[in-house]
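One-letter residues, chain by chain:
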Amino acid sequence: MYERILVPTDGREHSSAAVRHAVDIAGKYGATVHAVFVIDTDTGWLTVSKADVHDALREVGQDASEQALREVETAAADAGVELVTDVLEGTPGERILAYAAENDVDLVVMGTHGHSGIERRLLGSVTQHVAGAAQVPVMTVSAPAENVT
């Protein structure tokens, strides 16, 4: 049923919960997990030097991606699951959707931040965007409330 499972991660607890689910499902189906970290380098809303901000975002994101993907590598290795990792740049929701289509994934597993009210309106929701636009099933995973950061 599942051959390629995509799990976007940012290293926070909600993503860690999604990683655990993705690795568990992959183990049951003999699937490959594709873990991606998207460095949000969208500077379209800025009025200052976009090149300088883009470079700073890339640098910070690169450091965060290494840590987040290391967690997925450990989980996949412990479960004996094949893993592909990638670091992408751009608008997260769009890059996740493009990766899913380009890599013919069968399932996307994403954590939810638990934003509500004004936070959701101001920040939007990458998970909500992907779930609404994906051409494959999207499983959303919430971290236990006491563990969410």
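Please refer to the structure placed before this passage.
Everything quoted here is computed from the prediction, not taken from an experiment.

What counts, and at which threshold
- Residues numbered from 1 in each chain as written.
- Predicted model: local features only at pLDDT ≥ 70, side-chain atom pairs only at ≥ 80, totals over all residues.
- Heavy atoms only, no water.
- Helix = DSSP H or I, 4+ residues; strand = E, 2+ residues; numbered from the N terminus.
- Buried < 20%, exposed > 50% of the residue type's maximum accessible area, 1.4 Å probe, protein only.
- Contact = heavy atoms within 4.5 Å.
- Areas by Shrake-Rupley, 256 points an atom, 1.4 Å probe, with all protein chains shown as cover.
- Axes fitted to C-alpha atoms, helices over the stretch in contact; angles between N-to-C directions.
- Left-handed = near helix turned anticlockwise from the far one by under 90°.
- Nonpolar A, V, L, I, M, F, W, Y, C, P; charged D, E, K, R; others polar.
- Phe/Tyr/Trp six-rings, centres within 6.5 Å; stacked < 30°, edge-to-face > 60°.
- Expected span 1.5 Å × (residues − 1).
- Core = buried A, V, L, I, M, F, W, Y, C linked by side-chain atoms within 4.5 Å.
- Right-handed = clockwise from strand over helix to strand, strands pointing away.
- Pairing = 2+ DSSP bridges.

(A) Expanded view of the overall build of the chain. The helix and strand tally for the chain stands at 5 helices and 5 strands. Counting every position in the chain, which comprises 149 residues, the buried fraction comes to 36%. Counting contacts in the chain only where the partners sit at least 6 residues apart, residues at least 24 apart contribute 75% of the total. A total accessible area of about 8200 Å² is found for the chain, and carbon and sulfur atoms account for 49% of it.

(B) Quick look at the packing of helix H3 (residues 92–102) against helix H5 (residues 126–133). Taken N-terminus to C-terminus, the directions of H3 and H5 make an angle of 40°; their axes are 9 Å apart at the nearest point. As H3 runs across H5, the sense of the crossing is right-handed. Across from Pro92, Gly93, Glu94, Ile96 and Leu97 in H3, the residues of H5 making contact are Val126, His129, Val130 and Ala133. In the contact of H3 with H5, the residues fall into 6 nonpolar, 2 polar and 1 charged.

(C) Layout of the packing of aromatic side chains. Inspection of the entire model under this criterion finds 1 aromatic pair. Taking the centre distance of 5.1 Å and the plane angle of 85° together, the rings of Tyr2 and Tyr29 count as edge-to-face. Of this pair, Tyr2 sits in the segment before strand E1 (4–8) while Tyr29 sits in helix H1 (residues 13–29); the two residues are 27 residues apart in sequence, bridging distant segments of the chain. With relative accessibility at 18%, the residue Tyr2 sits in the buried group.

(D) Inspection of H1 at higher detail. Taking 1.5 Å as the rise per residue, H1 with 17 residues should run 24 Å; its terminal C-alpha atoms sit 25 Å apart, in good agreement. Buried within H1 are the following residues: His14, Ser15, Ser16, Ala17, Ala18, Val19, Ala22, Val23, Ile25 and Ala26. Gly30 lies just past H1 and shows a positive phi near 65°.

(E) Structural context of the nonpolar core. Core analysis: the largest hydrophobic core is formed by 24 residues, its most contacted members being Ile5, Val7 and Val109. Counting residues per element, this core draws most heavily on H1, at 7 residues. When residues no more than four places from it in sequence are discounted, the contact partners of Ile5 are Ala22, Ile25, Ala26, Ala31, Thr32, Val33, His34, Leu107 and Val109.

(F) Focus on the pairing of E1. E1 sits mainly inside the fold: 4 of its 5 residues count as buried. The parallel pair E1 and strand E2 (residues 32–40), bridged by H1, forms a crossover whose chirality is right-handed. Where E1 and strand E4 (residues 107–112) come together, 2 bridges link them in parallel fashion. Bridge assignment links Leu6 to a residue of E4, and that residue is Val108.

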